Amino acid sequence: MASNTDREMILADFQACTGIENIDEAITLLEQNNWDLVAAINGVIPQENGILQSEFGTETIQAPVFGPAAQPVTTVSTASSSSLTSAFCPVVPTRQVVERLSRMLDFRVEYRDRTADVVLEDSCTVGDIKQILENELQVPASKMLLKGWKSGDVEDTTVLRSLHLPKNNNLYVLTPEIPPPSMSIPTSALQESLNQNFMLSITHRELQRDYNLRFSGSCTIQEVKRNVYDLTSIPVRHQLWEGWPASVKEDSMTLASAGLNFPCHRLTVIRRTSPVQTREQSEEQSTDIHMISDSDGDDFEDATEFGVDDGEIFGMPSSSALRKSPMMPENAENESDALLQFTAEFSSRYGECHPVFFIGSLEACFQEAFYGKARDRKLLAIYLHHDESVLTNVFCSQMLCAESIVSYLSQNFITWAWDMTREANRARFLTFCTRHFGSVVTQTVRAQKTDQFPLFLIIMGKRSSNEVLNVIQGNTTVDELMMRLISAMEIFSAQQQEDIKDEDEREARENVKREQDEAYRLSLEADRAKREAQEKEMAEQCRLEQIRKEQEEEREAIRLSLEQSLPPEPQEEHSEPQSKLRIRTPSGEFIERRFLCSSPLQVVFDFVASKGFPFEEFKLISTFPRRDITQLDPSRSLMDLKLYPQETLFLEAKE
């Protein structure tokens with residue numbers, strides 16, 4: 001699936017190759033071929049003229065090229081722009097042709113009482129148009145404000161091709177820093193006025209209805225009249241005004257330079273009686289050659305007025321049609337992509353100051369608005385747009401884009417939008433409506449007539465279902481819209497406080513349960529840790545007991561071995577000298593034994609060890625003088641160590 005950027009490139013390539021200037025027709029043909037550029041061009045260009053081919057990975061196309069050298073041409077006149085001829089060239093690779101191919105665009109530019117026709121390639125920039133106009137109008141390019149672009153204000157460096165313009169375009173030049181010849185307003189004062197907002201109180205005399213519209217000082221009288229046309233259905237050429245200052249000579253003047261009363265200026269508008277209509281009534285019985293309709297006569301009569309409706313005479317779309325692209329594609333498969341296009345188109349028409357539209361499906365919007373914590377929930381505002389309603393432009397520019405409305409919506413609402421202009425999109429929204437709100441709300445939306453659009457649905461999420469609090473139609477005022485939003489917010493706030501209370505109580509219960517569960521878990525952990533410590537202690541005791549037992553067994557084995565290795569105790573009648581040793585144990589008991597004086601001291605050590613007092617743990621002490629026998633050489637004899645004929649020794653444990 002091609003992205004929005006890819007589709008714009010494919011659309012521009014398709015129009016350049018086929019010469020189809022009607023954007024809707026081009027999009028329809030591309031959608032029929034699933035946005036396949038090659039297939040779409042094959043379906044438009046006849047077989048005998050050459051067919052796009054794609055063999056072995058190479059695409060070819062028979063593409064149009066322009067005849068004579070296409071150099072920018074300018075003339076100052078009231079005549080319409082000249083047309084260009086085109087021919088077909090041999091087959092060349094498609095992508096290379098599309099990238100190099102340039103279209104010739106016609107611009108009819110109005111400045112005060114003059115009109116300039118500019119013809120140049122779409123590879124040029126907006127600055128190139130200003131340079132051409134500078135030579136013709138004798139106005140510095142830096143002082144020009146070029147208005148009338150369908151995509152809003154553009155930069156001088158913007159390439160015309162990137163704007164996807166039709167062949168014929170109507171623009172007008174504003175020079176706010178250059179006062180009209182009849183005015184002598186200082187530049188600094190005029191610049192300050194351009195930044196001010198004028199409140200125009202306009203009375204529609206026929207309907208006896210007043211409209212309070214706010215416009216920037218940089219807006220022109222022409223733009224005011226076009227907005228009034230959207231509101232009253234009176235075409236600009238049929239509007240008859242009262243209340244404009246005498247200094248207003250042309251509709252290209254800005255409100256700042258028109259000498260209006262600030263901050264509020266009163267005007268009156270009525271429908272002008274057509275002279276052609278009067279003539280038809282007086283000549284009703286004349287020949288058929290004079291029987292022309294009111295609309296046809298008026299179109300011819302006012303064809304050159306403001307340069308707006310010339311195209312209608314020659315079968316071309318009017319400027320109002322050229323400046324409006326669809327708010328969203330028909331049968332969009334991805335709601336996020338459709339809403340991205342809606343937001344971009346809304347910004348290009350009405351400026352960047354507008355509600356922040358949620359990008360995503362309606363289900364995702366519900367999730368964001370209704371299913372978070374009670375303190376974070378918001379009301380849902382669904383804006384339903386309709387391009388064919390006369391109220392749409394005024395509602396969007398004067399009410400929906402008002403700073404107070406934008407600020408209040410951003411703080412308290414999640415705003416979602418949908419375009420109801422095309423039948424497929426309308427049917428899709430009604431399906432959404434039935435699924436989420438029920439048949440009653442769906443029937444209410446379906447019953448709304450085109451002139452009652454745009455609509456604002458205010459939705460509040462509840463436990464069991466979503467409730468529609470209010471349906472606001474387009475025929476309202478800023479104050480009334482704000483009051484209805486505030487009223488819905490009050491209802492929502494009361495419900496939200498109950499939800500917050502219930503949620504807090506539920507969280508408190510859950511916290512108590514969590515604390516109990518945690519205390520129980522800690523108790524189990526403590527019991528398990530205690531049991532494990534006891535088991536570990538018992539295991540350690542068993543291990544130590546086993547070690548002690550092994551050590552005792554080892555000591556007993558050593559003792560028995562030493563006991564068996566001792567020489568026998570000599571008899572008292574033995575002929576060799578003997579030494580009688582009396583040894584006191586740490587417990588106070590005495591052990592005695594006779595040794596040969598020639599026996600080494602080691603024999604005494606072995607005897608003591610055999611009685612359970614190993615040499616490594618105990619030492620032998622003699623008295624008078626006191627000395628540590630265990631520190632003496634064990635190989636020396638008892639005679640040499642003066643342990644003869646008898647000696648009393650003490651056993652002491654080593655530290």
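The residue numbers shown here count from 1 along each chain, following its written sequence. With the structure being a predicted model, the display of local features is reserved for residues of pLDDT at least 70 and the display and counting of side-chain atom pairs for 80 or more, all residues being used for whole-chain, interface and lining totals. Hydrogens and water are ignored here; the side-chain numbers use all heavy atoms of the structure.

A. Representation of the overall build of the protein chain in the model. Working definition: helices are DSSP H or I runs of at least four residues, strands are E runs of at least two. Numbering for both runs from the N terminus. Within the protein chain, the regular secondary structure consists of 19 helices and 21 strands. For each residue, the accessible area found with a 1.4 Å probe, counting protein chains only, is set against the maximum for its type, and the residue is called buried under 20%, exposed over 50%, and partly exposed in between. Taking all 655 residues of the protein chain together, 43% fall into the buried category. In this description, accessible areas are obtained by the Shrake-Rupley approach with a 1.4 Å probe, and a residue is regarded as covered only by the protein chains that are shown. Of the roughly 35,500 Å² of accessible surface on the protein chain, a fraction of 50% belongs to carbon and sulfur atoms.

B. Expanded view of the packing of aromatic side chains. Aromatic pairs are defined between Phe, Tyr and Trp rings, using the six-membered ring for Trp, whenever the two ring centres lie within 6.5 Å; interplanar angles under 30 degrees are classed as stacked, those over 60 as edge-to-face, and all others as tilted. Throughout the structure, instances matching the rule amount to 23 aromatic pairs. Measuring from ring centre to ring centre gives 6.3 Å for Tyr383 and Phe395, while their planes differ by 5°; the resulting arrangement is stacked. Taken together, the residues span a long stretch of sequence, with Tyr383 in strand 13 (residues 379-385) and Phe395 in helix 14 (residues 392-400) at a distance of 12 residues. Residue Tyr383 is classed as buried on the basis of its relative accessible area, which comes to 0%. Aromatic side chains Trp416 and Phe429 sit 6.5 Å apart centroid to centroid with 25° between the ring planes, which places their arrangement in the stacked category. Taken as a pair, Trp416 in strand 14 (residues 413-419) and Phe429 in helix 16 (residues 423-437) lie far apart in primary sequence, 13 residues in all. Its relative accessible area of 0% is what places Trp416 among the buried residues.

C. Representation of the pairing of strand 9 (residues 197-204) within the structure. Here strand 9 runs beside strand 10 (residues 209-216); their pairing, made up of 8 bridges, is antiparallel. Bridge assignment links Leu200 to a residue of strand 10, and that residue is Leu213. Counting the residues between successive antiparallel strands, the hairpin from strand 9 to strand 10 contains 4 residues, one of them, Gln208, with a positive phi of roughly 55°. Any two strands with at least two DSSP-identified bridges between them are counted as paired. Bridge count between strand 9 and strand 12 (residues 264-271): 6 bridges; the pairing is parallel. Within strand 12, the residue paired with Met199 across the bridge is Cys264.

D. Here's a closer look at the sheet that holds strand 20 (residues 627-628). With mixed pairing, the 5 strands of this open sheet are ordered in space as 18-17-21-19-20. Edge positions in the open sheet fall to strand 18 (590-596) and strand 20, since each of these has one partner strand only. Strand direction decides the pairing type here: strand 17 (residues 578-584) and strand 18, joined by 7 bridges, are antiparallel. Bridge pairing in strand 18 links Gln578 to Leu596. When checking whether two residues touch, look at their non-hydrogen atoms; a contact exists if any pair is within 4.5 Å. Structural elements are reduced to axes, namely lines fitted to C-alpha atoms, with helices fitted over the stretch in contact, and the angle between N-to-C directions of any two is expressed from 0 to 180 degrees. In this fold helix 19 (residues 601-610) packs onto strand 17, strand 18, strand 19 (618-622) and strand 21 (646-653), with an angle of close to 150° to the strand it touches most, strand 18.

E. Geometry of the packing of helix 15 (residues 403-412) against helix 18 (residues 478-565). Relative to each other, helix 15 and helix 18 sit at 15°, their axes nearing to 10 Å. Our classification of the angle between helix 15 and helix 18 gives roughly parallel. The two elements helix 15 and helix 18 cross, and the hand of that crossing is left-handed. Contacts between helix 15 and helix 18 involve Ser404, Ile405, Tyr408, Leu409 and Asn412 from the former and Val478, Leu481, Met482, Leu485, Ile486 and Met489 from the latter. Angle categories: roughly parallel below 35 degrees, roughly antiparallel above 145, roughly perpendicular from 65 to 115, and oblique for all the rest. Crossings are classed by handedness, with left-handed meaning an anticlockwise turn of the near helix from the far one by less than a right angle and right-handed meaning a clockwise turn.

F. Inspection of the pattern of salt bridges at higher detail. A pair is scored as a salt bridge if a Lys or Arg side-chain nitrogen falls within 4 Å of a carboxyl oxygen belonging to Asp or Glu. This model, assessed by the stated rule, comprises 28 salt bridges. Notably, a salt bridge pairs Glu518 with Arg521, separated by 2.3 Å at the nearest N-O pair. Remark: Arg521 and Glu518 occur in helix 18; sequence separation between them is 3 residues, near one turn of the helix. Note that Glu552 is salt-bridged to Arg548, the shortest N-O span being 2.4 Å. Within this pair, Glu552 and its partner Arg548 are both found in helix 18, separated by 4 residues, close to a single helical turn. Under the relative-accessibility criterion, Glu552 is labelled partly exposed at 41%. Arg548 sits in the partly exposed class, given a relative accessible area of 36%.

G. Expanded view of unusual backbone geometry. Pro454 follows Phe453 through a cis peptide bond whose omega is 0°. The topology assignment puts Pro454 in the loop between helix 17 (439-446) and strand 15 (455-461). Cis geometry marks the peptide bond from Tyr644 to Pro645, where omega comes out at -5°. With respect to the element layout, Pro645 can be found in the loop between strand 20 and strand 21. Located in the positive-phi region is His164, a residue other than glycine, with phi close to 55°. Mapped onto the elements, His164 comes out in the loop between strand 7 (145-147) and strand 8 (168-174). Despite not being glycine, Lys642 has its phi angle at roughly 60°, a positive value. Position of Lys642 relative to the elements: it lies in the loop between strand 20 and strand 21. Residue Lys642 is classed as exposed on the basis of its relative accessible area of 63%.

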